[in-house]
Amino acid sequence: VAPARRQRSDGARSRRAILEAAAQMATVEGLDRLSIGDLAAHIGMSKSGLYAHFDSQQELQLATVGAAEDVFTAEVVAPAMEVPEGLQRLNTLCEGYLSYVKRGVFPGGCFFASTAAEWDSRRGPIRDRVRTVLAGWTQLLEANVREGQQRGDLARDIDIGQLVFELNALLHEANGHYLLFRDTGALDRARTAIDNRLSGVQR
């Protein structure tokens, strides 16, 4: 039994290593260019070794999106769950996103910003999966705006959809500008703009 458990553990570690490398590559080269052959060469594994984990390019791509979501959750969402809901958590989520970009968790910036730009005009399960993740992020921001209203920290007459759209626009612009110009000032400007926008709707 012990050798079988060890083999399963080794297989799980190998799969994690593959997906970590795949997510890193995807933010630079694009998810569509992520092939089993290129990934095998990148991590020094045989194609047959990779095929033991993934039967097709699409299966690899979908698993990569899932792995990237796990990273985003750990790096951005989970820390915000440690603070009270509402305005404080909303601020922490936005700050967590900017930190995730600045720290270079992925070399091509936010995985979902880059992948959404690549797949937004296509149809199929990959776009659907990316849309689901980004919709979940938007819903999380909206939920904390509502909670801020319930707690009396935010004005009752806020257009929640408009506010969250603006927050996302600032975060995504900061990500893109930082990547293109390597200008950390873009992150600071986004932070200032977010602070100003949220200050304007506080009670």
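Applying the stated criterion across every chain, the model contains 1 cavity of 30 Å³ or more. Estimates place the volume of the largest cavity at around 40 Å³. Lining the largest cavity are Phe72, Tyr97, Cys110, Phe112, Val133, Leu134, Trp137 and His172. No other element matches helix 7 (residues 125-150), which puts 3 residues into the lining of the largest cavity. Among the residues forming the lining of the largest cavity, the class breakdown is 7 nonpolar, 1 polar and no charged.

The subject of this paragraph is helix 8 (residues 160-181). Here helix 8 spans 31 Å end to end across 22 residues, near enough to the 32 Å set by a 1.5 Å rise per residue. Of all the positions in helix 8, only Ile160, Leu163, Val164, Leu167, Asn168, Leu171, Ala174, Asn175 and Tyr178 are classed as buried. Viewed along the axis of helix 8, the buried residues span an arc of 130°, placing them on a single side of the element. For helix 8, the exposed residues set more than 90 degrees away from the buried face come down to Phe165, Glu173, Leu180 and Phe181. Elements in contact with the buried residues of helix 8: helix 5 (87-102), helix 6 (111-119), helix 7 and helix 9 (185-199). Phi turns positive, to about 55°, at Arg182, one or two residues after helix 8.

It is worth spelling out the environment of Leu39 at this point. With respect to the helices and strands, the residue Leu39 is situated in helix 2 (residues 36-43). Note: C-alpha distance between Leu39 and Ser99 (60 residues apart in sequence) is 28 Å. The residues contacting Leu39, other than those within four sequence positions of it, are Ile18, Ala21, Ala22, Met25, Leu50 and Leu60.

Moving on: the nonpolar core. Core analysis: the largest hydrophobic core is formed by 60 residues, its most contacted members being Tyr97, Tyr100, Phe111, Phe112 and Trp137. Counting residues per element, the ones that place at least two in this core are helix 1 (2-29), helix 2, helix 4 (57-80), helix 5, helix 6, helix 7, helix 8 and helix 9. In this structure Trp137 touches Phe72, Val76, Val77, Leu93, Tyr97, Asn168 and Leu171, once residues within four positions along its chain are discounted.

This part takes up the environment of Leu179. For Leu179, the position within the fold is in helix 8. Sequence spacing of Leu179 and Ala52 is 127 residues, and the spatial spacing of their C-alpha atoms is 35 Å. When near neighbours in sequence (up to four residues on either side) are disregarded, Leu179 contacts Pro107, Gly108 and Gly109.

So, on to the pattern of salt bridges. One pass over the structure, following the stated rule, counts 8 salt bridges. The salt bridge involving Arg129 is made with Glu69; its shortest N-O contact spans 2.5 Å. Taken together, the positions of Arg129 in helix 7 and Glu69 in helix 4 put the pair 60 residues apart, joining distant regions of the chain. A relative accessible area of 28% means that Arg129 is categorised as partly exposed. Looking at Glu69, the relative accessible area reads 23%, which means it is partly exposed. Across the pair Glu95 and Arg191 runs a salt bridge whose closest N-O atoms are separated by 2.6 Å.

With that settled, consider the environment of Asp153. Along the polypeptide, Asp153 turns up in the loop between helix 7 and helix 8. According to the relative accessible area criterion, Asp153 is partly exposed, its value standing at 33%. Through-space distance from the C-alpha of Asp153 to that of Glu29 is 43 Å; in sequence the pair is 124 residues apart. Aside from chain neighbours lying at most four places away, what touches Asp153 is Leu87, Gly148, Val201, Gln202 and Arg203.

Each value, and the rule that gives it
Residues numbered from 1 in each chain as written. Predicted model: local features only at pLDDT ≥ 70, side-chain atom pairs only at ≥ 80, totals over all residues. Heavy atoms only, no water. 1 Å grid on protein atoms, 1.4 Å probe; cavity = no way out; pocket = protein on both sides within 12 Å on 5 of 7 lines; lining within 4 Å. Points joined across faces, edges and corners; volume = space filled by probe spheres on them. Helix = DSSP H or I, 4+ residues; strand = E, 2+ residues; numbered from the N terminus. Nonpolar A, V, L, I, M, F, W, Y, C, P; charged D, E, K, R; others polar. Expected span 1.5 Å × (residues − 1). Buried < 20%, exposed > 50% of the residue type's maximum accessible area, 1.4 Å probe, protein only. Arc of directions from axis to C-beta. Contact = heavy atoms within 4.5 Å. Core = buried A, V, L, I, M, F, W, Y, C linked by side-chain atoms within 4.5 Å. Salt bridge = Lys/Arg side-chain N within 4 Å of Asp/Glu carboxyl O.

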